[in-house]
Amino acid sequence: MVVVAAAPADNSGEKTKAKQRYLKRKKQRRKNKPKAVTGAASESEDEGDAGVVSDADPTEERPVDDVPIETDIPQTEDKPRKDKRPKKRQKVVDEDGDVEMERPEVQDVTVVDPELAPPAASAPLPTLPSFPLPALPDAPSKTELALQGLDQALVGAELVDAAGLLPIPPDGEDDGGTGLSAKTRKQLIDLGIVELFAVQTSLLPFLLPGNPLQRSLYLPFDPPRDVCVSAPTGSGKTLAYVVPIVEILSTRIVTRLRALVVLPTRDLVTQVRETFDAVGKGRGLKIGTATGQHSFSHEQSQLIADKMTHLAGGSSKVDILICTPGRLIDHLTGTPNFSLQHLRFLVIDEADRLLAQSFQDWLVQVLAATRPSTGEPSVPAGFPQYHDAVAPAFRTLLSYADIPSFVAERKESSCQKLLFSATLTRDPGKLAALELRNPKYFVVQEKNDGPGVLDVAMDKFTMPATLTEHMLVCEPSLKPLAFFYLVYERAVTNALVFTKSAESTARLVRLFDFFDTARRIGIGGEPSAVTAHAYSSDLSASERKSILDKFRAREIQILVCSDLISRGIDISHVSHVVSYDVPVDMRKYVHRVGRTARAGRAGDAWTLVEEQEARYFKTMLKQVDHLDKVRRVKVGEKDLAPLAVYYEGALGQLKDSYAR
Ligand SMILES: Nc1ncnc2c1ncn2[C@@H]1O[C@H](COP(=O)(O)OP(=O)(O)OP(=O)(O)O)[C@@H](O)[C@H]1O
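Here the structure is a predicted model, which is why all the values come from computation and not from measurement.

**Q** Could you clarify how one ought to interpret the overall build of the chain in this entry?
**A** When its secondary structure is counted, the chain shows 21 helices and 19 strands. Looking at the chain as a whole, 37% of its 660 residues are labelled buried. Look at the contacts in the chain between residues 6 or more apart in sequence, and 79% of them connect residues 24 or more apart.

**Q** Looking at this structure, how should I read the packing of helix 16 (residues 479–489) against helix 21 (residues 637–659)?
**A** The packing of two helices is summarised by the inter-axis angle and the distance between the axes. One way to put it is that helix 16 packs onto helix 21 with a least axis distance of 10 Å and a crossing angle of 110°. Of the possible angle classes, the one that applies to helix 16 and helix 21 is roughly perpendicular. The two elements helix 16 and helix 21 cross, and the hand of that crossing is right-handed. Together, P480, L481, F484, Y485, Y488 and E489 of helix 16 and D639, L640, L643, A644 and Y647 of helix 21 make up the contact between the two elements. When its residues are assigned to classes, the contact of helix 16 with helix 21 shows nine nonpolar, no polar and two charged.

**Q** Sorry, what's going on with the site of the ligand here?
**A** Residues in close proximity to the ligand total 20 residues, the closest being T233, G236, K237, T238 and A599. Contributions of two or more residues to the shell around the ligand are made by strand 5 (195–196) and helix 7 (237–249). When residues of the shell around the ligand are assigned to their parent elements, the largest contribution, three residues, is made by helix 7. The residue makeup of the shell around the ligand, split by class, is seven nonpolar, nine polar and four charged.

**Q** So what exactly am I meant to see when it comes to the UniProt feature "domain: Helicase C-terminal" (unreviewed entry) in the chain here?
**A** In the numbering adopted here, UniProt assigns the feature "domain: Helicase C-terminal" (unreviewed entry) to residues 487–641. Taken end to end, residues 487–641 is 38% helix and 18% strand, and its two terminal C-alpha atoms sit 15 Å from one another.

**Q** Mind showing me how you'd approach the nonpolar core here?
**A** Looking at soluble globular proteins, one finds that nonpolar side chains tend to be buried together. If you look at the biggest cluster of nonpolar residues, it comprises 127 residues, and the most contacted ones within it are V199, V229, V560 and V578. Looking at this core element by element, the count peaks at nine residues for helix 7. If we ignore the near neighbours within four places in the chain, the residues touching V229 are V199, L203, K237, A240, L419, F420 and F442. In this structure, A312, A391, A393 and F394 belong to the second largest nonpolar core, which totals six residues.

**Q** Would you explain the sheet that holds strand 12 (residues 440–445) in this entry?
**A** The strands making up a sheet associate through backbone hydrogen bonding, with each pair oriented either parallel or antiparallel. Taken in spatial order, the eight strands of this open sheet run 3-12-6-11-10-7-9-8, and their pairing is parallel. Single-partner strands in this sheet number two, and they are strand 3 (158–161) and strand 8 (287–290). Adjacent strand axes in the sheet meet at a mean angle of 15°, parallel and antiparallel pairs treated alike. Two strands pair when backbone bridges link them, and strand 7 (residues 259–262) and strand 9 (residues 320–323) are joined in this way by four bridges, in the parallel orientation. From the neighbouring strand, V261 faces strand 9, where its bridge partner is I322. Sitting on the sheet, helix 7 touches strand 6 (227–230), strand 7, strand 9, strand 10 (345–349) and strand 11 (416–421), and the angle it makes with strand 11 is about 160°.

Analysis parameters
Residues numbered from 1 in each chain as written. Predicted model: local features only at pLDDT ≥ 70, side-chain atom pairs only at ≥ 80, totals over all residues. Helix = DSSP H or I, 4+ residues; strand = E, 2+ residues; numbered from the N terminus. Buried ≥ 20, exposed ≤ 12 C-beta atoms within 10 Å, placed from the backbone. Contact = placed C-beta atoms within 7 Å. Axes fitted to C-alpha atoms, helices over the stretch in contact; angles between N-to-C directions. Parallel < 35°, antiparallel > 145°, perpendicular 65-115°, else oblique. Left-handed = near helix turned anticlockwise from the far one by under 90°. Nonpolar A, V, L, I, M, F, W, Y, C, P; charged D, E, K, R; others polar. Near = placed C-beta within 6 Å. UniProt positions renumbered as here; feature names shortened; annotations may be inferred. Core = buried A, V, L, I, M, F, W, Y, C linked by C-beta atoms within 7 Å. Pairing = 2+ DSSP bridges.

As structure tokens, this is what we get:
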């Protein structure tokens, strides 16, 4: 009996001389061997091999391929073979420790008489198991990256189908699942609102629960959850908060400042006020605005009833205040008895825009004013105090010693924060700054439009379904002409035209006037049907209002503006939006184009792209999988030729006017 020790593995892949010799013999042996019908292939082969090896030089090292390998191939023999010892197996535990495996043990090989050897099997030789080469793990997908660090509440957002509508029952007890009182339903129907849009359908029942206790003005023991809403432009977010606020505050007896709505611009404050006035008509609610449009003392007199006495519970003349953040801070720091302790609602509309605004840390100051501080009582002993006017959460700040303990207990503020935007931020840092209480997210999107939460996480915002988008690439020098082509040849009127600055706005309007006059003369002096006007921050508030009114009345057909009114402004008849200068980022694009195709109406958006900007613009759209939604329109010289003659003249006049 000769025992051949197993050789170490030869990983080089080169065949040694010994191996070559061995393989040759093996081949020979196979040829001579009688054909086996059954039997464990590996074992028969092993034994045969061993016999051959015994002839070989015992000092020769045998290649690792020689070593019999025990596999887990099921045995086909019916009877167990008595002459074989069961082979030893080595137990190993995998790296994670949760799977126990058996590793075949390298064995001694016993040489037996070939006569006694069982017939060799014809099955193929078992091969060495191959182990995968070490490789770097796959890079995380964009989706995985987008989800990293995301607010868990956003991950669990409620997805709302943008097409969902809910009819408003006109009268009777049944509210049809809207959560609205008969009074509010009647008021909405009088305003022409006969069904709720998707965002309202999901938000109203949430903010107006069936249990009347949860509709209370104060919920100190059961504070309400905060809400974040991401819904496309023109989808009706304003009514989604105006209606519940009016509904809940209508139960109030005493006027306190209970709803604060913060918006980024004065124009939006005016617009939202009009909506509150319309919906809240006949409900006795007092509504105020603070934008800096009037003098500070005038605003103070509109907001505060008593400026002279220090009142622990504040003194408000309004139930609802709609304001810009700057003016809000002015009142918070400079108006006596202006208090946010009674707030039931804090609305931050165009939230991502406002959170990007760090004006005097407005958010920190506002949030601090809505919750009781842990410091000294705000009203020292000896001062006149009216404890009935103090919000429950703030009663601990009173210096009264005789307040029963259940009242004096520290309770949470009842202020419910409501955040809205068509481009809601997913920035965890910014969301954390809001100190949201158990927030509930609503994401309104087109049905089957992909994973909604991920879309928000990856800045892929849902556009209105009724919007058609175009881009027109042109030479920079021909851009004004391309714009005139859109106006006169493609009937792009009732349009908002966005430029990059107030200066570009003024220049374009001037050029438009020269062009229009030249064209009018050229075609026989017909009065022009198209009037363009500039709308910019250079204008006074009253001028801006008058221009907007004229545009709404269709006396002006084209309003040229900067991004000042790219957010929130709602003018129903805007059928076209033109980005005369390409927007700097996707958010701006979403808000600009969202000035049309509102409330289910059709609308067209055009972007004029200078040749050198085309790559940037397309990349911006591609990053959010939006490029294929924007149709590329080609305008050749032939198209522009009829207008080119007036354009030359208008350009000359513009140059002269600036030279003067
Ligand atoms: N249920 C409804 N039925 C009919 N019209 C509605 C309804 N809800 C809202 N609207 C109208 O839809 C238009 C757009 O609403 P709103 O201004 O609230 O949109 P938005 O979602 O705030 O848009 P943006 O993000 O651009 O500010 C308004 O003219 C509004 O009156």
